[in-house]
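The residues making up each chain are set out below.
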Amino acid sequence: MSRAKNRKGPALATLTIHGARDAHRPGDPVVEPLVQSVNHLQALGTGDGLKYTRYGNTPNAERLQKRLALLEGAEASLVLSSGMGATACALLALLRPGDHLLSSQYIYGGTHRLFLEEFAAMGIEVTLVDPFEPRSFRKRMRKETRAVFVESPVNPTCRVIDLRPISYLTKTEGLALVVDSTFASPVNFRPIEHGADVVIHSATKYLNGHHDVLAGVVAGTQAYIDEVLQKEMLWGQTPDPFALWLLERGLKTLAVRVERANATAMAIAEWASARKEIKRVHYPGLATHEDHAVASEILDGFGGMLGLELAGGGKAAERFLRRLRLVTHAPSLGGVDTLVSEPRYTSHAKMTSAERARIGIPDGFLRISTGLEDLDDLLADLEQALK
Ligand SMILES: Cc1ncc(COP(=O)(O)O)c(C=O)c1O
């Protein structure tokens with residue numbers, strides 16, 4: 001699993017540590033230094049080479065951006081100050097007032113609000129479609145349509161979208177295909193290999209992996225990333241060097257963290273499938289999952305995220321959460337601590353109960369992000385909370 005399928009050159013685990021690193025000379029530090037300075041000395045008589053933190057070109061930013069591009073198989077990438085900043089700037093670089101965006105209806109709650117509230121107010125219309133019915137993208141396309149946005153695997157239901165028919169449409173119609181790949185991380189999925197033009201991550205999650213950095217990533221062609229950089233600079237979405245340094249540190253263990261999270265999630269999914277108190281388990285690694293065939297074809301790992309629906313609904317979920325001792329009740333995902341959250345109070349809190357139910361998130365749905373704790377300890381905690 002550490003060498004991703006179809007890759008040439010160094011494996012992903014090697015790139016997370018050495019990708020785009022400067023050649024080392026005797027006496028150099030093994031860990032790249034943190035350069036916290038916001039500004040840098042400037043050459044006289046020219047504006048060339050001006051370095052400033054907000055321009056995304058300071059030493060900690062440049063190395064990390066090249067490394068992340070290598071991981072995604074993209075020409076270039078940009079690190080922004082949050083996943084939302086990444087999504088906003090990525091799309092603002094593609095869309096103008098009057099343009100139309102086709103988006104999967106299964107997207108993170110913050111992205112949903114960005115599209116339907118902020119973009120709508122800017123004159124950018126967004127149509128939500130069912131990505132599991134690929135013809136629906138073509139049916140809802142207009143002459144103003146510029147891009148298609150999907151999130152896969154989907155937060156929090158872990159459904160896996162087959163990009164191949166969608167990228168066939170975007171390529172033939174000249175649209176940009178933008179994929180939020182936060183749940184997968186490049187260890188499990190690299191959308192560009194499946195026809196995407198732009199990849200977005202909330203680096204707050206797996207890429208950093210330690211619950212202590214807020215950041216986002218956009219990857220794509222160099223020409224496109226130059227456009228995103230203009231948005232980042234002008235909308236002030238650039239992270240601080242310390243966040244970048246921490247992100248670079250967290251990234252070095254990405255492959256082992258994700259492989260372990262994948263294995264733990266699979267084991268918890270199997271345990272949960274055998275429990276009568278759990279009505280439904282949402283995990284694409286299970287042969288019974290509706291997207292198992294697609295997931296097996298396009299993913300290198302089924303992920304560290306799973307959803308549980310307790311038979312007793314919302315009340316049973318609350319009782320279960322109150323009894324947990326080790327698994328931590330907190331929002332966010334993709335870090336070393338195993339977390340559980342209720343999307344109705346976190347990522348999808350702004351939707352009504354009926355709206356959530358329509359996209360597969362009934363009240364009482366629990367989202368688990370597996371961390372790095374011992375599996376037996378985690379299973380024991382889940383078991384005692386269920387009793
Ligand atoms: C799939 C997905 N995309 C984007 C975001 C936004 O990321 P951030 O919180 O880093 O702004 C999140 C946050 O939970 C997410 O789950």
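Here the residue index of a chain counts from 1 through its sequence in written order. Since the coordinates come from a predicted model, pLDDT governs what is reported: local features require at least 70, and pairs of side-chain atoms require 80 or more to be given and counted, while whole-chain, interface and lining totals use all residues. The side-chain numbers reported here are obtained from all heavy atoms of the structure, hydrogens and water having been left aside.

**Quick word on the overall build of the chain**
1) Next: For the purposes of this entry, the term helix denotes a DSSP run of H or I that reaches at least four residues, the term strand denotes a run of E that reaches at least two, and both are numbered from the N terminus. In terms of regular secondary structure, the chain is built from 14 helices and 12 strands.
2) Next: Throughout, radius of gyration means the C-alpha value; the globule benchmark is 2.2 Å times the number of residues raised to the power 0.38. Against the compact-globule benchmark of 21 Å for 387 residues, the chain has a radius of gyration of 21 Å, which places it among compact chains.
3) Next: Projected onto its principal axes, the C-alpha coordinates of the chain cover approximately 75 × 55 × 35 Å.
4) Next: Positive charges come from Lys and Arg alone, negative charges from Asp and Glu alone, with His and the N- and C-terminal ends not counted. The location of each charge is read from NZ of Lys, CZ of Arg, CG of Asp or CD of Glu. Treating the 45 positive side-chain charges of the chain as one cloud and the 45 negative ones as another, the clouds have centres 2 Å apart.

**Structural notes on the nonpolar core**
1) Next: In this description, a nonpolar core means a group of buried Ala, Val, Leu, Ile, Met, Phe, Trp, Tyr and Cys residues linked to one another through side-chain atoms lying within 4.5 Å. Buried, partly exposed and exposed residues are distinguished by accessible area as a fraction of the type maximum, computed with a 1.4 Å probe on protein chains only: under 20%, between the cut-offs, and over 50%, respectively. Counting residues in hydrophobic clusters, the biggest one holds 30 residues, and the most contacted among them are Leu 91, Leu 101, Phe 115, Phe 119, Phe 149, Val 218 and Tyr 224.
2) Next: Secondary structure elements with two or more residues in this core: strand 1 (76-80), helix 3 (83-92), helix 4 (109-121), strand 4 (145-151), strand 5 (176-180), strand 6 (198-202) and helix 8 (222-234).
3) Next: Considering every element that reaches this core, the biggest residue donor is helix 3, with six residues.

**Section: the packing of helix 3 against helix 4**
1) Next: As a rule, the C-alpha atoms of each element are fitted with a line to give its axis, helices using only the stretch in contact, and angles between N-to-C directions run from 0 to 180 degrees. Closest axis-to-axis distance for the helix 3/helix 4 pair is 10 Å, and the angle between their directions is 45 degrees. Classified by the interaxial angle, the pair formed by helix 3 and helix 4 is oblique. As for the relative orientation of helix 3 and helix 4, their crossing is right-handed in sense. Here Met 84, Thr 87, Ala 88, Leu 91 and Leu 92 of helix 3 lie close against helix 4, whose contacting residues are Gly 110, Thr 111, Leu 114, Phe 115 and Phe 119.
2) Next: Asp, Glu, Lys and Arg are counted as charged, while Ala, Val, Leu, Ile, Met, Phe, Trp, Tyr, Cys and Pro are counted as nonpolar; the rest, among them Gly, fall into the polar class. Residues that form the contact of helix 3 with helix 4 fall into these classes: seven nonpolar, three polar and no charged. Oblique is the label for every angle not falling under 35 degrees (roughly parallel), over 145 degrees (roughly antiparallel), or within 65 to 115 degrees (roughly perpendicular). A clockwise turn of the near helix away from the far one marks a right-handed crossing, whereas an anticlockwise turn of less than a right angle marks a left-handed crossing. Working rule for contacts: check all heavy atoms of both residues, and any pair within 4.5 Å makes them a contact.

**What to know about the sheet that holds strand 8 (residues 278-282)**
1) Next: At least two bridges found by DSSP between two strands is the condition for calling them paired. Judged by pairing direction, the sheet is mixed, and its five strands sit side by side in the order 8-9-12-11-10 without closing on themselves. Two strands lie at the open edges of the sheet, namely strand 8 and strand 10 (328-329), each paired on one side alone.
2) Next: Across three bridges, the pairing between strand 11 (residues 339-341) and strand 12 (residues 365-369) is antiparallel. Paired with Leu 339 across the strands is Ser 369, a residue of strand 12.
3) Next: Relative to the sheet, helix 12 (residues 313-323) contacts strand 9 (305-310), strand 10, strand 11 and strand 12, its axis offset from that of strand 9 by approximately 120 degrees.

**Focus: the environment of Gly 174**
1) Next: Take Gly 174: it is sitting in the loop between helix 6 (163-173) and strand 5.
2) Next: You can call Gly 174 exposed: its relative accessible area is 65%.
3) Next: Distance from Gly 174 to Ala 223, taken between C-alpha atoms, is 16 Å for residues 49 residues apart in sequence.

**Let's talk about the packing of aromatic side chains**
1) Next: Between 30 and 60 degrees the pair is tilted, below 30 it is stacked and above 60 it is edge-to-face, where a pair is any two Phe, Tyr or Trp rings, Trp via its six-membered ring, whose centres lie within 6.5 Å. Under the defined criterion, the tally for this structure stands at five aromatic pairs.
2) Next: Ring geometry for Tyr 106 against Phe 132: centres 5.7 Å apart, planes inclined by 50 degrees, an arrangement best described as tilted. Separated by 26 residues along the polypeptide, Tyr 106 in the loop between strand 2 (100-104) and helix 4 and Phe 132 in the loop between strand 3 (125-129) and helix 5 (135-139) bring together distant segments of the chain.
3) Next: Here the aromatic residues Phe 115, Phe 119 and Phe 149 are joined through ring pairs into a cluster of three or more.
4) Next: Two limits define a charge over a ring: the Lys NZ or Arg CZ must be within 6 Å of the ring centre, and within 35 degrees of the ring normal. Across from the ring centre of Phe 132, 3.6 Å away, lies the NZ or CZ of Arg 159, which sits over that ring.

**So, the domain arrangement of the chain**
1) Next: Where a domain begins and ends is set by an automatic assignment or by a domain database. One can read the domain layout of the chain as domain 1 (12-251) and domain 2 (254-386).
2) Next: Placing the centre of domain 1 and that of domain 2 at their C-alpha centroids yields a distance of 26 Å.
3) Next: Each partner contributes to the interface: domain 1 provides 39 residues, whereas domain 2 provides 40 residues.
4) Next: It is Asn 188, Tyr 206 and His 211 in domain 1 that bury the most area against domain 2; as a group they hold 21% of the surface buried on that side.
5) Next: Whenever Lys or Arg places a side-chain nitrogen within 4 Å of a carboxyl oxygen from Asp or Glu, that contact is recorded as a salt bridge. Counting across the interface, domain 1 meets domain 2 through four salt bridges.
6) Next: Looking at the side of domain 1 that touches domain 2, its residues break down into 17 nonpolar, 16 polar and six charged. Simply put, the buried area is the total loss of 1.4 Å probe accessible area from both parts when two parts are fitted together.

**Some thoughts on the site of the ligand**
1) Next: Here, proximity means that at least one heavy atom of the residue falls within 4 Å of the molecule or strand. Surrounding the ligand, one finds 13 residues, the nearest of these being Met 84, Asp 180, Ser 202, Thr 204 and Lys 205.
2) Next: Within the side chain of Asn 155, one N or O atom sits 3.0 Å away from an oxygen atom of the ligand.
3) Next: Within the contact set of the ligand, an oxygen atom lies 2.6 Å away from a side-chain nitrogen or oxygen of Thr 204.
4) Next: Here the accessible surface of atoms and residues is derived via Shrake-Rupley with a 1.4 Å probe, and residues count as covered only by protein chains that are part of the display. Surface burial for the ligand is 91%, taken as the share of its 390 Å² of free accessible area covered by protein chains. Polar contacts here mean pairs of N or O atoms no more than 3.5 Å apart (in protein, one a potential hydrogen donor and the other a potential acceptor; neighbouring residues in sequence count only if both atoms are side-chain atoms).

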